[in-house]
Amino acid sequence: MPSRKFADGEVVRGRWPGSSLYYEVEILSHDSASQLYTVKYKDGTELELKENDIKPLTSFRQRKGGSTSSSPSRRRGSRSRSRSRSPGRPPKSARRSASASHQADIKEARREVEVKLTPLILKPFGNSISRYNGEPEHIERNDVPHKNTQEKFNLSQESSYIATQYSLRPKREEVKLKEIDSKEEKFVAKELAVRTFEVTPIRAKDLEFGGVPGVFLIMFGLPVFLFLLLLMCKQKDPSLLNFPPPLPALYELWETRVFGVYLLWFLIQVVFYLLPIGKVVEGTPLIDGRRLKYRLNGFYAFILTSAVIGTSLFQGVEFHYVYSHFLQFALAATVFCVVLSVYLYMRSLKAPRNDLSPASSGNAVYDFFIGRELNPRIGTFDLKYFCELRPGLIGWVVINLVMLLAEMKIQDRAVPSLAMILVNSFQLLYVVDALWNEEALLTTMDIIHDGFGFMLAFGDLVWVPFIYSFQAFYLVSHPNEVSWPMASLIIVLKFCGYVIFRGANSQKNAFRKNPSDPKLAHLKTIHTSTGKNLLVSGWWGFVRHPNYLGDLIMALAWSLACGFNHILPYFYIIYFTMLLVHREARDEYHCKKKYGVAWEKYCQRVPYRIFPYIY
Ligand SMILES: NC(=O)C1=CN([C@@H]2O[C@H](COP(=O)(O)OP(=O)(O)OC[C@H]3O[C@@H](n4cnc5c(N)ncnc54)[C@H](OP(=O)(O)O)[C@@H]3O)[C@@H](O)[C@H]2O)C=CC1
Ligand SMILES: CC(C)=CCC[C@@H](C)[C@H]1CC=C2C3=C(CC[C@@]21C)[C@@]1(C)CC[C@H](O)C(C)(C)[C@@H]1CC3
């Protein structure tokens, strides 16, 4: 008897860990001792699978949809099929009486569900499912015109028949998971019945950020607030009880030369971004199954920028110019951001529907803010990805350095203050960490869900460099002497925050990249109907957003370094808490939609959102 069923190089279907879905894989090798096959999925993931979890391609092609198997797994599959057929389809009477245009709408909506879910079935590292929480393999397919799509559906339907559980989970969890599964099926059926046509992204959806009035207020309020804050900080006594300083007229703040310097900075970063150095990776699958390629060279860009800044300092370039024209620079960045946002909105009007962000609504004002197009690109140049990490984030570190030099100059110091050193080094660590772990950005809400519009353009290009450097800006005109014991406490706090932040983000990214990574084998997971699982132990079993907790602890350390004389340096932590609490609520909403009952189960098991025993 042959010891192995499949040969190296053979293309077969391999089960995705933790799910009942099968994907095309290539057999790479076989270990006769462990009887495990090493297989490669189409997305490049390599895993070890048991023979039972591998099926020849033919076994899928030969089967017919109306299987009569009575095995438990098959029974489950056929039950699901009939279940999903009825709720996914409007009642017959309704269909008969519907107008022709309504019928077209129905078809359109079904086609949309189809298009959106197809990649999920084929691409295991999927993430573009935020608009639907159902089981992709059970969607009705009567109206699907595309032959290939039909084939994919046959395949995925078949895959659900073979519902053996993957061996990664302890046996006793199986019973629990089955309970979740069956609850989930009911939930999905109910949801489908209620929201069959709500899956359409543009029509009838909940607007975030207070809807149109909310985003209108944010768009006008934030820039004004930014200038008020910077002006207040320049005052000798920046007490909140003082009357806010008058805003200077725009023309007083406008300097073409400053704008030129800003453009030069931006262009330098564009050049660094375009350098063909660094690994190229694929992002998470888009709605149509495509995966965009991203070059990871942020860290190199940072090194090159440091070299340019170092050389300029050595050459005697006057960096104090940035400090003395700080408001002018903030205005230049704001003007640039407005122009960019208008460009982004205009070009999005021509973008194909598949390229639109799940967050877009069809309302012009709202979409201008949230961003209509998900990944606007000029050729291979990804505007959102570039802006998120380069000009603003690296700019923040450069501004901090400017503030450190300004402190020495204005306070006539031979060396920077300890507070300034702490703030500079903490924030430098934060930025370097982001650039070093650049790939992690690809799974953030900003890249996957939000479009690129005013919100992120302003956030990335204005808010981050000019508000996140606020503590250093504050210290230039409001010195704070930190004692060494206090500094040590602050360093410990920052270190704890960093460990939580990095540990949580790395754990989740590793899990999303390879759910059966042996390093994560000790972690418990919850099965979801999308095929992706949720971590329920480790950092993600501590609170539901451990990365936010770590981020907030770090932010507190940055503020504490500025002492207790004023509340201004605490603005960042106050704002950041509000941002992350709101972001957590947004993420919670999306996850509930995506994962349904499995998410509710997760919330039961991990009751606190960000702060253990508090919130
Ligand atoms: N400095 C700043 O101004 C800001 C910093 N940040 C930081 O950016 C980082 C990314 O934040 P953000 O994009 O908001 O969100 P997260 O990195 O927390 O990502 C949320 C996603 O993680 C997945 N997820 C949630 N729970 C689990 C679980 N138990 N197991 C596995 N996957 C899970 C879900 O996506 P799925 O299941 O689809 O993978 C969810 O949508 C954070 O560290 C945050 O602190 C964020 C905003 C501003
Ligand atoms: C006030 C306003 C318009 C808010 C927009 C929010 C933005 C400032 C933030 C949204 C998500 C962000 C992220 C980072 C910076 C702030 C913004 C743009 C981030 C790049 C910081 C560094 C982290 O390590 C990170 C890469 C995880 C992070 C990603 C999200």
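These numbers were taken from a predicted model, which means no experiment stands behind them.

### Here we look at the nonpolar core
Phase 1 of the analysis: In this structure, Leu226, Met403, Phe466 and Tyr468 are the most contacted members of the largest nonpolar core, which totals 120 residues.
Phase 2 of the analysis: Trp540, Cys591, Ala598 and Trp599 belong to the second-largest nonpolar core, a separate cluster that totals 16 residues.

### A short note on helix H15 (residues 391-410)
Phase 1 of the analysis: Taking 1.5 Å as the rise per residue, H15 with 20 residues should run 28 Å; its terminal C-alpha atoms sit 27 Å apart, in good agreement.
Phase 2 of the analysis: Within H15, 15 of the 20 residues are buried, which leaves it mostly tucked inside the rest of the structure.

### Things to note about the site of ligand 2
Phase 1 of the analysis: Ligand 2 sits among 16 residues. The nearest are Leu222, Ala434, Asp446, Asp460 and Arg583.
Phase 2 of the analysis: Burial of ligand 2 by the protein amounts to 86% of the accessible area it has alone, namely 630 Å².
Phase 3 of the analysis: By residue number, the principal contributor to the shell around ligand 2 is helix H18 (residues 454-467), which donates 5 residues.

### Focus: the environment of Gly278
Phase 1 of the analysis: For Gly278, the location among the structural elements is in the loop between helix H9 (256-274) and strand S6 (279-282).
Phase 2 of the analysis: Residue classification places Gly278 among the partly exposed residues on the basis of a relative accessible area of 29%.
Phase 3 of the analysis: Residues Gly278 and Met232, 46 residues apart in the sequence, show an inter-C-alpha distance of 42 Å.

### Focus on the UniProt feature "transmembrane region" (unreviewed entry) in the protein
Phase 1 of the analysis: According to UniProt, the positions carrying the feature "transmembrane region" (unreviewed entry) are residues 212-232, 258-275, 296-314, 326-346, 414-432, 452-470, 482-501 and 552-576.
Phase 2 of the analysis: Helix makes up 94% of residues 258-275 and strand 0%, and the two end C-alpha atoms of the span are 26 Å apart.
Phase 3 of the analysis: In residues 414-432, helix accounts for 79% and strand for 0%; the two terminal C-alpha atoms are 27 Å from one another.

### Overview of the confidence of the model for the protein
Phase 1 of the analysis: Summary statistics for the protein give a mean pLDDT of 77 and a share of 73% for residues scoring 70 or more.
Phase 2 of the analysis: Residue range residues 61-204 is modelled with pLDDT below 50. Its contacts to residues more than four positions away, or to other chains, number 242 contacts.

### Things to note about the environment of Gly379
Phase 1 of the analysis: Within the secondary structure, Gly379 sits in the loop between strand S8 (377-378) and strand S9 (381-382).
Phase 2 of the analysis: Since its relative accessible area comes to 64%, Gly379 is described here as exposed.
Phase 3 of the analysis: When the C-alpha atoms of Gly379 and Met403 are compared, they prove to be 37 Å apart, with 24 residues separating the residues in sequence.

### A few points about the packing of aromatic side chains
Phase 1 of the analysis: This structure, assessed with the given rule, holds 42 aromatic pairs.
Phase 2 of the analysis: With centroids separated by 6.3 Å and ring planes inclined at 25 degrees, the aromatic side chains of Phe368 and Phe454 adopt a geometry described as stacked. Residue Phe368 is located in helix H13 (residues 364-370), and its partner Phe454 is located in helix H18; the two are separated by 86 residues in the primary sequence.
Phase 3 of the analysis: Classification of Phe454 as buried rests on a relative accessible area of 5%.
Phase 4 of the analysis: The aromatic ring of Tyr323 is capped on one face by Lys234, whose charged end is 5.3 Å from the ring centroid.

### Some thoughts on the state of the cysteines
Phase 1 of the analysis: Counted by the stated rule, this structure contains 0 disulfides.
Phase 2 of the analysis: Residue Cys562 stays outside any disulfide, its sulfur separated by 9.3 Å from that of Cys233, the closest cysteine.
Phase 3 of the analysis: Residue classification places Cys562 among the buried residues on the basis of a relative accessible area of 1%.

### Quick look at the pairing of strand S1 (residues 11-15)
Residues in a regular strand point their side chains to alternate faces of the sheet.
Phase 1 of the analysis: Among the 5 residues that make up S1, 4 are buried, leaving the element largely enclosed by the rest of the structure.
Phase 2 of the analysis: Inspection of the sheet shows S1 paired to strand S2 (residues 22-31) by 5 bridges, in the antiparallel sense. Paired with Arg15 across the strands is Tyr22, a residue of S2.
Phase 3 of the analysis: Bridge count between S1 and strand S5 (residues 54-56): 3 bridges; the pairing is antiparallel.

So, how was this worked out
- Starting afresh in each chain, residues are numbered from 1 along the sequence in its written order.
- In the order they appear in the text, chains get letters beginning with A and ligands get numbers beginning with 1.
- In view of the model being predicted, local features appear only for residues whose pLDDT reaches at least 70, and side-chain atom pairs are presented and counted only at 80 or more, with totals across whole chains, interfaces and linings using the full set of residues.
- Derived side-chain values reflect all non-hydrogen atoms in the structure, with water molecules and hydrogen atoms excluded from consideration.
- Nine residue types can take part in a nonpolar core, namely buried Ala, Val, Leu, Ile, Met, Phe, Trp, Tyr and Cys, and a core is a set of them joined through side-chain atoms within 4.5 Å.
- Relative accessibility decides the category of a residue: with a 1.4 Å probe and only protein chains considered, values under 20% of the type maximum give buried, values over 50% give exposed, and everything between is partly exposed.
- Helix and strand definitions here come from DSSP, where helices need a minimum of 4 consecutive H or I residues and strands a minimum of 2 consecutive E residues; each element is numbered from the N-terminal end.
- One less than the number of residues in a helix, times 1.5 Å, gives the span that helix is expected to have.
- One heavy atom suffices: a residue is near a molecule or strand as soon as one of its heavy atoms comes within 4 Å of it.
- Working definition of accessibility: Shrake-Rupley area with a 1.4 Å probe, residue cover restricted to the visible protein chains.
- UniProt positions are given in the numbering used here, feature names are shortened, and annotations may be inferred rather than shown by experiment.
- Per residue, pLDDT measures the predictor's confidence, with a range of 0 to 100.
- By definition, residues are in contact when any of their heavy atoms lie within 4.5 Å.
- The aromatic pairing rule takes the rings of Phe, Tyr and Trp, using the six-membered ring of Trp, and pairs them if the centres are within 6.5 Å, calling planes under 30 degrees apart stacked, those over 60 edge-to-face and the rest tilted.
- Charge-over-ring contacts are defined here by two conditions on Lys NZ or Arg CZ: a distance within 6 Å of the ring centre and an angle within 35 degrees of the ring normal.
- Cysteine sulfurs are considered disulfide-paired once they come within 2.5 Å of each other.
- Any two strands with at least two DSSP bridges between them are considered paired.

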